[in-house]
Amino acid sequence: GIQVEQSPPDLILQEGANSTLRCNFSDSVNNLQWFHQNPWGQLINLFYIPSGTKQNGRLSATTVATERYSLLYISSSQTTDSGVYFCAVDGYNTDKLIFGTGTRLQVFP
Amino acid sequence: DAGVIQSPRHEVTEMGQEVTLRCKPISGHDYLFWYRQTMMRGLELLIYFNNNVPIDDSGMPEDRFSAKMPNASFSTLKIQPSEPRDSAVYFCASSRGGTRYFGPGTRLTVT
């Protein structure tokens, strides 16, 4: 099945810093989502982005489907950005959203 | 919309007991998914339904697990008998046209 790799596994930032999280996938996809799992365990949708670029406030994401990767940018990080960021993909002809292992982000004041 | 609703939010049970987890998807969504999250295995898909029909249950760990979706607004995941290794957070998600929306999860502890 399709493999999803995320990097880095852990990231520690001071408030105000910028960061880039990466997601590599092993095959063509027709769905890619970024999620934030907050410290209470809730999985929050950030982006549905099988291709192209989207922005939402301090967050933006870019997926280059032909090169099989996606990037999540966090600018001016805040302590509330802490948690685990997951990338998840559906391969073609499947609805089985497969999750990567996540990037754990800690933002300190 | 209230989002995906799961109950109970926490469940503690003894080994050998039957456990039933419940999910109400977002109204109008035609896909429903059950996931399990553990430290060792991360987030893994157990089973998913389309229009109330099970499509792929290849992620269900063993015969002790079963899932049903009797109508478009309700699904259950049952574990009988439960074992300590079933302890995990179980998420339900629904979608219509791609974006998955997750419920708050049920934290299951089997002692």
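Not measured: the values here are computed from a predicted model. (Residues numbered from 1 in each chain as written. Chains lettered and ligands numbered in written order. Predicted model: local features only at pLDDT ≥ 70, side-chain atom pairs only at ≥ 80, totals over all residues. Heavy atoms only, no water.)

Notes on the sheet that holds strand β3 (residues 19-25) of chain A
All names here are of chain A.
Point 1. Spatially, β1-β3-β8-β7-β6 is the arrangement adopted by the 5 strands of the open sheet, whose pairing is antiparallel. Bordering the open sheet on either side are β1 (4-7) and β6 (52-56), each of which pairs with just one other strand. Going across the sheet, the axis of each strand differs from the next one's by a mean of 15°, ignoring polarity.
Point 2. Sheet topology note: the β1/β3 ladder contains 4 bridges and is antiparallel. Its bridge partner being in β3, serine 7 is matched across the sheet by arginine 22. (Pairing = 2+ DSSP bridges. Helix = DSSP H or I, 4+ residues; strand = E, 2+ residues; numbered from the N terminus. Axes fitted to C-alpha atoms, helices over the stretch in contact; angles between N-to-C directions.)

Some points on the interface of chain A and chain B
Point 1. Residue-level contacts link 15 residues of chain A with 18 residues of chain B.
Point 2. Both sides together, the interface formed by chain A and chain B hides about 1400 Å², and carbon and sulfur atoms give 51% of it.
Point 3. Taken as a group, A:Leu43, A:Asp95 and A:Lys96 account for 36% of the area that chain A buries against chain B, more than any other trio of residues on that side.
Point 4. Across the pair A:Asp90 and B:Arg100 runs a salt bridge whose closest N-O atoms are separated by 3.0 Å. (Contact = heavy atoms within 4.5 Å. Buried area = accessible area lost by both parts, 1.4 Å probe. Salt bridge = Lys/Arg side-chain N within 4 Å of Asp/Glu carboxyl O.)

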